[in-house]
Amino acid sequence: MKHTVLFYLLVFSSSIIWSQDFTITGNVKDASLKDPLPGVNVIVKSTINGTTTDFDGNFKISGVNSGDTLIFSYLGFVTKELYIEDNSPLQIIMQDDISVLDEVVVVGYGTSTKKELTGAVTVVGSESIEDLNPTQIDQALQGQVAGVQITTDSGSPGAASNIRIRGISTNGDNRPLILVDGNVIEDLSVVNPGDIESMNILKDATAGIYGVRAANGVILITTKTGKKNTELKFNYDVYGGFQEASRKIPVLNATEYGLLINEAYAATGSELPYTNLSVLGEGTDWQDQVFQKAAVVNHNLSVSGGTEKSTYSFGSSLLTQNGIVGGPKANFRRFTSRVNFNTEILDNLKLTTNAIYMGTNRKTLSENSLGSVLFNALNNAPTFAIRDVSGAYTLSEGLGNEVINPLAQVENTYNKNDVSKISGKIALNYSFLNDFTLESSYQFNYSEVKIKDFKPTVFYGSGKVFNVDRNTIKEEKNIYKDYTFDTFLNYNKDIGENNNVKATLGMSVFRTRGQLASLSGFDIAGNDFQNANISNASDVVDNFRNGGDKFDARLLSYFTRLQFNHKGKYLLSGIIRRDGSTAFGPNNRFGYFPSGSLGWIISDEKFLENSKLISFLKLRGSYGIVGNDRIEANAYRSVLSGEGTYVFNNILTFGSAVGILSNPEIKWEEQKTLDVGLDIKLFNNSVDITADYFKKRTEDLLVQPSVSGILGASAPGSQSPVVNAGTVENEGIEFAIGYHSNPSEDFSFNINYNVTFLENKVVSVNNGLGFISGGSFGVGQEPPSRMEDGKPLGYFYGLQTDGIFQNQAEVDAHATQTNAAPGDLKFIDTNNDGVIDTDDRTDIGSPIPDATMGVNFSFNYKQWDFSTYAFASIGNEIVRDYERNQQLVNRSIYTLNRWTGEGSTNTYPRVTRGATSNTNFSNFYVEDGSFVRLQNIQLGYSLSTKTLEQIGIDKLRFYVSANNVFTLTKYKGYDPSASSGDPIGAGIDNGFYPVPRTYLLGLNLKF
């Protein structure tokens, strides 16, 4: 009996202890941004006991028992359940709910949910940008977005990139419209990547709502701002590191150089210049001399917060970057500052304001051209010392007129380019009658560009074209101003239970003006850059003495859009826009540009509503016409911008003459765009697929044909008239697939892949010749690129080779080829007339890739994060034009495999001092430009929540990263990703300044 009573007492006491409740505390954060989440609902499952997190994501909930389950829920995040065993503090990480298709996406003059989008729109979030830490935002688009190709003019600090959305559509300006918080930006290099919250890329006809400036696509950038009901938060990001050349071009050392020079002299029976090769050694490696490690440092500070009715944010950044060629002589410094403020003046009246200041200071060296620093480093003889016995830089004698000592060139380069730009926007949004909103906005840009270029008196060698006998100073100050005024009315009405109608009606006014000033002077005292000012110069000349120092262009537009949604799964949108431009004459000034799109959310149909495989499936299509007016202002009429000179009383007098010849009948260039797309999510949204077929046809291209000099088009400052004379087509397929998984509480990963296949074709060129030439190769040769019917835009036009002449018999049996001898390139007689000449030129390649692709992978494990991505370009060719064909210049290493006798090689010609046709532009100089590049690797570590709480901050993350890690390519030059971006003349490498490899160490701090 005693033992029985004791047993029941023990059971009773244990039950009391087990059922005793306790209080749990914890913190909730966003998995992607690691930010605290305020307002998260925390509830004990199957009870009404709950609470919400505070501003810092902290919560405290009482009355919890061991064995209970806590439920954490928040809009836009996956609901999370956690089994409770004891009262230990909790750290909750909530994942973005990628199945939420109601995420708002900014589109033209309004917003839409992802689910309702009927156009081809790609969104790039701030997480993708932060993973890369790019110095320029366009680097975050390269390989990340299907259909978007990025090429760079140069890897020098501050150099602009060329952005092409779904191919090259015109022989003119192919830049997309870029809007930062509604502010028009011409160049992404001035935007601080750390300020960006998201980028939306509009790729099809639905971009037509933006009118004429959207013909080449639209990039909408939204900067970071505060959130309502959040306390003041600070975010400081900093990284620093160094850059280095990612590649050197193998050239001959001094001994190899002497050997080949002797061979060339021997081929013509001349006396050998190097009688003792053993004393030459390695010689001077000029690439080693000009390349150097260069520092890069970036600071970014932002502040944000919000009240019940307002949000605000402020940010500033400073980037300093030296060049891997020239160091501080190729420096770039960028300072940006922005402020956003939004408030609800009344319940139905909202004010939105933002302002952005951008200031850049850039110094440059000669690059990407004949006589550039790298061109000279490749061609200067390795037998020359850096300096002579007197300590002066050596003279590059005997190497032709263009090759000079590259170190002397760097030392004697003095220039700076300062840009100050402020952009702002103010908008009022008024809601009334439940279904209507009226918005008016005023946006402006004001920029000043100051350029100073000083050329000191310098002697580089006998006959050099870069010698300066009389020092010169050139100063420019250019002022650019524009404004855009938009007013539009939106209507949003639910009709019954199953229908929704949205309508937009608006107008837009745009004006851009410029005031240009340029003065040149001579004879700066002391030959010193410190004294180099126009005020200290003699014989000052106004470079705009004949006019052309002003421009003024305007646009006036009216637009309307109608959207219809039936049952949330049948979607319809139609747009019509009337644009007027001062680029055209009165008869053709206005054009009408309609577009429409359809969408069908198939996954909402009954036959798929219970599918375990398909989570979401949408079919969409669009077609529309967009106009393009990107030609010189007032190009339809003649203006006095040409140069007229005449001698009066033995005095040369300057006057003005007709510039561009008039054509009042020119009209809008029109782009007709078709897109059919499919959006799919599979396996509970873990797999995301997007596929698009597109076709863009640009008609009535605005071109300037060759005309007779009798008409005055060859006079100084004059130009041929603009005419509508061409058609170009771009057709392709885009495909993107991503997989997202969270196998455990501590581990998640993502992998994404995209590919674009593109075919570009010129349908017609109606300029009287059937083609337009462009680009340059070598010295004194015909332009190597063409725009011609049936060919890709800007294809390479030159001679086709058929190996090497192995013996005299082959030379005698071949068509007549000037100066041909055994060991020379054998050109194909394509027209079979028995003579090799310019009429035998043919299609020998294209700079446009057949396919571009990108892949990125990332994972998070506990406090560690890792990301990497690569991109590729397949099927494009590049012209190798960085070799100066003079007798004594240095040569690339492949010349060691030259022809030395019958059967020795059928690829590389002999070396000789004699005249040959080997230097004529041919496919010998055209190489496969395909490449695969590992662009970024980053590894980061974030401090634990417990540690952060102890030191009183929200986030502290350290990371290391490397950019431009390696490139796999057959191309012999520095960088296969570089291109001038010219529609006719792209892909010609004059010694491109390579994109550097960069190593960074950084931290992200939030408090």
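What counts and how
- Residues numbered from 1 in each chain as written.
- Predicted model: local features only at pLDDT ≥ 70, side-chain atom pairs only at ≥ 80, totals over all residues.
- Heavy atoms only, no water.
- UniProt positions renumbered as here; feature names shortened; annotations may be inferred.
- Salt bridge = Lys/Arg side-chain N within 4 Å of Asp/Glu carboxyl O.
- Helix = DSSP H or I, 4+ residues; strand = E, 2+ residues; numbered from the N terminus.
- Buried < 20%, exposed > 50% of the residue type's maximum accessible area, 1.4 Å probe, protein only.
- Pairing = 2+ DSSP bridges.
- Patch = residues over 30% accessible without salt bridge, like charges linked within 9 Å, V, L, I, M, F, W, Y side chains within 5 Å.
- Areas by Shrake-Rupley, 256 points an atom, 1.4 Å probe, with all protein chains shown as cover.
- 1 Å grid on protein atoms, 1.4 Å probe; cavity = no way out; pocket = protein on both sides within 12 Å on 5 of 7 lines; lining within 4 Å.
- Points joined across faces, edges and corners; volume = space filled by probe spheres on them.
- Nonpolar A, V, L, I, M, F, W, Y, C, P; charged D, E, K, R; others polar.

As named in an unreviewed UniProt entry, the protein is TonB-linked SusC/RagA family outer membrane protein, taken from Maribacter vaceletii. UniProt, in the comment section headed Sequence similarities (unreviewed entry), describes the protein in these words: "Belongs to the TonB-dependent receptor family." According to the UniProt record, the Subcellular location (unreviewed entry) comment for the protein is "Cell outer membrane".

1. Details of the pattern of salt bridges
Should their charged atoms come close, side chains of opposite charge can pair. Overall, the coordinates contain 47 salt bridges when judged by the stated rule. Between Asp679 and Arg620 there is a salt bridge, with the nearest N and O atoms lying 2.9 Å from each other. One end of the pair, Asp679, is in strand β33 (residues 669-682); the other, Arg620, is in strand β30 (residues 614-628), and 59 residues separate them in sequence. Overall, Asp679 belongs to the buried group, its relative accessible area being 13%. For Glu927, the salt bridge identified is with Lys972, shortest N-O distance 3.4 Å. With Glu927 in strand β48 (residues 926-928) and Lys972 in the loop between β50 (955-969) and β51 (988-989), the pair connects residues that are 45 residues apart, well separated along the chain. Residue classification places Lys972 among the partly exposed residues on the basis of a relative accessible area of 27%.

2. With respect to the pairing of strand β1 (residues 22-30)
Counting buried positions along β1 yields seven of nine residues, so the element is predominantly enclosed. Across five bridges, the pairing between β1 and strand β7 (residues 90-94) is parallel. Note on β7: the bridge partner recorded for Asn27 is Gln91.

3. Here we look at a nonpolar patch on the surface
There is a patch of nonpolar side chains on the surface, built from Tyr570, Trp600, Phe607, Leu619, Tyr623, Leu674 and Val676 and spanning about 630 Å² of accessible area. With respect to the helices, strands and loops of the structure, Leu619 is situated in strand β30. On the basis of relative accessibility, which here comes to 35%, the residue Leu619 falls in the partly exposed class.

4. Section: the side chain of Lys203
Note that Lys203 resides in the loop between β15 (196-202) and β16 (218-223). Classification of Lys203 by relative accessible area gives buried; the value is 7%.

5. Topic: the pairing of strand β12 (residues 161-165)
Burial within β12 is extensive, with four of its five residues counted as buried. Across five bridges, the pairing between strand β11 (residues 148-152) and β12 is antiparallel. Bridging from a neighbouring strand, Thr151 pairs with Asn162 of β12.

6. Points about empty space enclosed by the protein
On inspection of all chains with the given rule, the structure shows nine cavities of 30 Å³ or more. What the largest cavity holds in volume is close to 520 Å³. Gln149, Thr151, Pro849, Thr852 and Ser873 are, among the 38 residues lining the largest cavity, the residues nearest its centre. Contributing elements (two or more residues each) for the lining of the largest cavity: β11, β38 (747-765), β45 (851-861), β46 (864-874) and β47 (877-880). Sort the elements by how many residues they give to the lining of the largest cavity and β11 lands first, with four residues. Counted by class, the lining of the largest cavity contains 18 nonpolar, 15 polar and five charged residues. Roughly 450 Å³ of volume is contained in the second largest cavity. Lining the second largest cavity are 35 residues, and of these Thr135, Gln139, Gln935, Val995 and Pro996 lie nearest its centre. Looking at the lining of the second largest cavity residue by residue, the class counts come to 13 nonpolar, 20 polar and two charged.

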